[in-house]
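# Report on the structure
This is what each chain is made of:
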Amino acid sequence: MAVLCLFLSVRCDKSYEYHMDSFIQVYDKIERLHLMTDLNDQTQIVVGYSGNERLDFRDKGEKKIQFDRLCQKHGDVGFDQDIFLVGDLPRIYSHYPDIVSMTVYSDQDFDEAHPAGTPLDDCINLSYITARDYIQSGYRGDMLSVRNTEFTTSLDKMTETDFYLLLDNLGKIKFKKLPEVLSEHQISVVVKSKDGQTFEDTISFDFAIFKLL
């Protein structure tokens, strides 16, 4: 056991060098949405996703062709830098297919203007991390700051291009307006992709938490 632990420790500490043509290192396929309360801020809902397919810059054959096509589609082909991966683990993850819209609903009346089942997008800010601006600028600026820079936009103002190249997840939902009754709601998020797919998940969210703030 001691030998195994030592081996794992050495492997995790070892850095692997690669020359990258793209900033994005991995594209994960969206097959399901997963909503969860943010562990660091229980007033936020994280819009996560999962799937069984992944395209990695180190892939070969058809998967490498697919990865390169996505990079070309997003203009991510001129990075031209050496990177070091600790433990040979990629750090920059985005998603496919591209997202075109996100809509949030509640099963309860929110207020007079938002009865149950109507979109709450104008009541919500979406906070997200994106590589779009960094890539479109021609990789100007500090690449290490990309994953630490969070943007916030009212969900009803998000455009198709705003959803491009989101990193790690599809953003965090933050309510900028609260329901008239601070009770438990079933909050549903519907995401539509450019290839015509629809993804949906629902989470129980108790607005009573705002009474404690």
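Heads up: these notes are all about the structure in this document. Predicted model, so just to flag it, every value in this text is computed and none were measured.

Here the focus is the sheet that holds strand E10 (residues 151-154). Within the open sheet, the five strands sit side by side as E3-E4-E11-E9-E10. Their pairing is antiparallel. The sheet is open, and its two edges are formed by strand E3 (32-38) and E10, each paired on a single side. Averaged over neighbouring strand pairs, the angle between their axes works out to 25° when direction is ignored. For strand E9 (residues 124-128) and strand E11 (residues 172-175), the ladder comprises four bridges, and the chain directions are antiparallel. Each bridged residue has a counterpart across the sheet, and for Leu126 the counterpart in E11 is Ile173.

Another aspect to go through is the pattern of salt bridges. Applying the stated criterion across every chain, the model contains 14 salt bridges. With a closest N to O distance of 3.7 Å, Arg32 and Glu31 form a salt bridge. Judged by relative accessible area, which is 35%, Arg32 ranks as partly exposed. With its nearest N and O atoms 2.9 Å apart, the salt bridge here joins Arg132 to Asp162. With Arg132 in helix H3 (residues 132-136) and Asp162 in the loop between E10 and E11, this pair connects stretches of sequence that are 30 residues apart. Note on Arg132: relative accessible area 13%, which makes it buried. Overall, Asp162 belongs to the buried group, its relative accessible area being 12%. One continuous salt-bridge network, built from bridges that share partners, spans Asp56, Arg58 and Asp88.

Conventions we followed
- Residues numbered from 1 in each chain as written.
- Predicted model: local features only at pLDDT ≥ 70, side-chain atom pairs only at ≥ 80, totals over all residues.
- Heavy atoms only, no water.
- Pairing = 2+ DSSP bridges.
- Helix = DSSP H or I, 4+ residues; strand = E, 2+ residues; numbered from the N terminus.
- Axes fitted to C-alpha atoms, helices over the stretch in contact; angles between N-to-C directions.
- Salt bridge = Lys/Arg side-chain N within 4 Å of Asp/Glu carboxyl O.
- Buried < 20%, exposed > 50% of the residue type's maximum accessible area, 1.4 Å probe, protein only.

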